[in-house]
Structure formats: C-alpha cells, structure tokens
Amino acid sequence: MDDFKIPKSAEQVIPQSENLFKSILFIGLLVLFMAIEQLGITAIDSSFFYLYKPVDLIVKWALTIGLAVLNCILLTGMAVMAHESIHRVLFKSQFWNDLWGGILSALAGLLPFYANRQFHLLHHRHTHQPGLDPEEPLHNHSFWYAFIMGGLIGIYQHYKIVFANLFSFSTGHWNKGYQGLKDVCFVGLAVAFYFSFLPRIGISFWYTVAPTLLLQPLAYSFRALCDHYAFAPTLPPVVQKSVHQAAGLEDEYPSFSGKKLQANSWVILTNPLLSWLWSNVNYHQVHHRYPYLSHRYLPQIFEATKNEQTDAVVKGYFCCLLRLRKMQYYSSHEEVESLLEVGSGNAI
C-alpha cells in the first residue's frame, strides 16, 4: 500500500469546504443552464432568429434535450453528495449534514432524504443478497426494463417509506414520524423551486424543468446499473460473517468485503471531470468496503489495494453498460469475468 494508510472513521478529514462549494456550484449551474436554455428558446421563437419551421423545431428540441442531459449530470452530482450525507461524511456537523443532504436529495429528482437513508443503509447491510437487498426490485429485471423503469420503481419505493414514517405517528414512533415530516418539507421546498421560483424568474417549465425531471430517472439508471448489476448473489450474512472471522477481518459493517472476498460492485474508471462531478462514486466496490469514509479517499484506496483486492474494473460507463446489456441482474462469476478486459488483472 506504499505510504498510504487507510484511515479509520475518526481519523478521516472530511472536505467540508469543497463539499459546500460543490453544492452551491451545482445549484447555481442548474439555474444558469436553464436560463441559457430559456434564452435560446426565446431567440429561436423570435423573428430575429426565425428559421424554416422544421429546422426551427429540430434546433429547439436539440437545445432542450442537450441541456436537459447536462442538468441531469448536475442532478446526479447532487444525488451523490446527498449520498455522502446519508453516510454522514458531507459535513462534520449532523445538523448541516442532514440539512444539505435533504436539500440536495430533494433537488436531485424530488427524492426524500431520510427515506433514502433508511433504504440505502439497508442496501449496505444486504448488498446484492436475494430477497434482502432493497435495490433488488429496481434492477432484478432484464437490462432494458431495469434501465427504463428502475429509477421510477426506486422513487415509488422511497415514497412508500415516507408514508410509512408518517403513519408512525399513530403508533407512537415519533422519530420516524418526524423524519417523514422533514422529508415532506424538503420535497416541498424542491417543488416550490421547480414549479414556482424558476417560472417566476422567467424560466419556462415545459422547456427546462419538465425535460430535466423526466430524464432524471434514466440518468439514475445510467449510473446505478454500473453499481451492482450482473454480479453473482452475495453470500448470506451468516456465511459472510464466518468468512470474515476466518480471514481475521473486522466485521464492523455487515457488507464489508476484505481481501480475496467476493466482489459485488463495479469499479468504473472514468475521466477525472466526471469522477469529480459524481464524487468518486465510480469506485463503488471501494465505497462498499469502506462506507464510513469520505469519497475523497476512494481513488487512493483503490490504487493502494488494487493488486490485493478482488475487483471488477471496466473503463467508462458506456463500456460498462454495453457489456451489461446481455446479462442478468444475478449472473455467475464466470459471466462477470468474461466482461472484464483481458489482462486487466482483476478477477471475481
């Protein structure tokens, strides 16, 4: 591992200034891109920039879809930062961690933060375990069905948790109930932002907000299918525990996978800009081994351990999706190995 030492939770340095900067930057760029799109649409519709009608429509929709894709990249970046909040590594303060997590999660596709935390931490406890992993209903389908419908199924699953939390008031579980109320408030804030604030400053809902929110579930699938899709089922918790103990490994996290243990997540080697925008979530296997660490450490850990750990590495999200399209959600080790580049040195 050279001179790099993997820090424990209390030893890590959380990049709070960078996280705050990125949060504000993403929100600002989202408004800027929507304003640019509105100016472009207005120019196309004006007599000053009038084109032959069919060409006019093509240019208008190309601009709309192109900037909606850029917006979805930003929303995905916000969702990944909210994911940092779920693991309490966005800020040191629990108040600011949850406040910004709630705002970013809601803006990133009207996703309720506290419900997402319940959903996601359960996913970490039962990663890729049949019948236990809450992500299974999203992606345990044919590739194209999972790609098109996975994000929408995920939204449905999260709002089920919100309503269950709100119902907890009637059973005396006040903490869950308050979490449900806070989720309603955060989502309400995002609804006001998209449906009231932006139109009030002259940004068209139909040409900016609507295409972005409609494309966001597909943007989610674009990234999320490159997390766990196609791996063999993970060992049941009791078996995992016995393997960890036999290997002399800490069992602080039930989903922890140590040296030579089963891989259940992809590592996507992508360009530095996208890796920064999406806070290194492309090192997903590393994150599942060390879920208590900030995203800043994931590339370092991967480089330090790549010759010792069991990893499945693919270069680029498009390349990963092309390889996954003929696979099933639960595949064999041999099938996954066939997707890896020859000579990559990474095996399942």
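For clarity, every value in this text was computed on a predicted model and none was experimentally measured.

Calculation rules
- Residues numbered from 1 in each chain as written.
- Predicted model: local features only at pLDDT ≥ 70, side-chain atom pairs only at ≥ 80, totals over all residues.
- Heavy atoms only, no water.
- Axes fitted to C-alpha atoms, helices over the stretch in contact; angles between N-to-C directions.
- Helix = DSSP H or I, 4+ residues; strand = E, 2+ residues; numbered from the N terminus.
- Parallel < 35°, antiparallel > 145°, perpendicular 65-115°, else oblique.
- Left-handed = near helix turned anticlockwise from the far one by under 90°.
- Contact = heavy atoms within 4.5 Å.
- Salt bridge = Lys/Arg side-chain N within 4 Å of Asp/Glu carboxyl O.
- Buried < 20%, exposed > 50% of the residue type's maximum accessible area, 1.4 Å probe, protein only.
- Phe/Tyr/Trp six-rings, centres within 6.5 Å; stacked < 30°, edge-to-face > 60°.
- Lys NZ or Arg CZ within 6 Å of the ring centre and 35° of its normal.
- pLDDT = per-residue confidence, 0-100.
- Expected span 1.5 Å × (residues − 1).
- Bend = angle between axes of the 7 residues up to and from the residue.

Here we come to the packing of helix α6 (residues 143-167) against helix α7 (residues 174-200). Look at α6 against α7: their axes get within 7 Å of each other, and the N-to-C directions meet at 130°. Comparing the axis directions of α6 and α7 gives the class oblique. α6 and α7 meet at a crossing whose hand is left-handed. Of the residues in α7, those touching α6 at Tyr159, Val162, Asn165 and Leu166 are Lys176, Gly177, Gln179, Gly180, Leu181, Asp183, Val184 and Val187.

A full pass over the atoms with the stated rule returns four salt bridges. In this structure, aspartate 311 and arginine 289 form a salt bridge, with 2.7 Å as the shortest nitrogen-oxygen distance. With aspartate 311 in the loop between α12 (298-305) and β2 (312-315) and arginine 289 in helix α11 (residues 284-289), this residue pair connects regions lying 22 residues apart in the sequence. The same class applies to aspartate 311 and to arginine 289, which are both buried.

For the structure shown, the criterion picks out 22 aromatic pairs. Seen from their ring centres, phenylalanine 193 and tyrosine 194 are 5.1 Å apart, and the 75° between their planes marks the pair as edge-to-face. Across this residue pair, the class does not change: phenylalanine 193 and tyrosine 194 are buried. Aromatic side chains phenylalanine 195 and phenylalanine 205 sit 5.0 Å apart centroid to centroid with 35° between the ring planes, which places their arrangement in the tilted category. Of the two residues, phenylalanine 195 sits in helix α7 while phenylalanine 205 sits in helix α8 (residues 205-228), which places them ten residues apart along the sequence. For phenylalanine 195, a relative accessible area of 43% gives the class partly exposed. Counting every residue linked through ring pairs, the aromatic cluster contains Phe143, Trp144, Phe147, Tyr229, Tyr329 and Tyr330. Here the guanidinium or amino end of lysine 22 rests over the ring plane of tryptophan 276, the centre of that ring lying 4.8 Å away.

So, about the confidence of the model for the protein chain. Chain-level statistics for the protein chain give a pLDDT mean of 87 and a share of 86% at 70 or above. Predicted confidence for residues 237-260 stays below pLDDT 50, and this span has 38 contacts to residues more than four positions away or in other chains.

Over its 25 residues, α6 runs 35 Å from end to end, which matches the ideal 36 Å to within 8%, given 1.5 Å per residue. Its maximal kink placed at methionine 149, α6 deviates by approximately 50°. Within α6, the full set of buried residues consists of Phe143, Ala146, Phe147, Gly150, Gly151, Ile153, Gly154, Gln157, His158, Ile161, Val162 and Asn165. On the buried face of α6, the contacting elements are α4 (113-125), α5 (136-139), α7, α8 and α13 (317-324).

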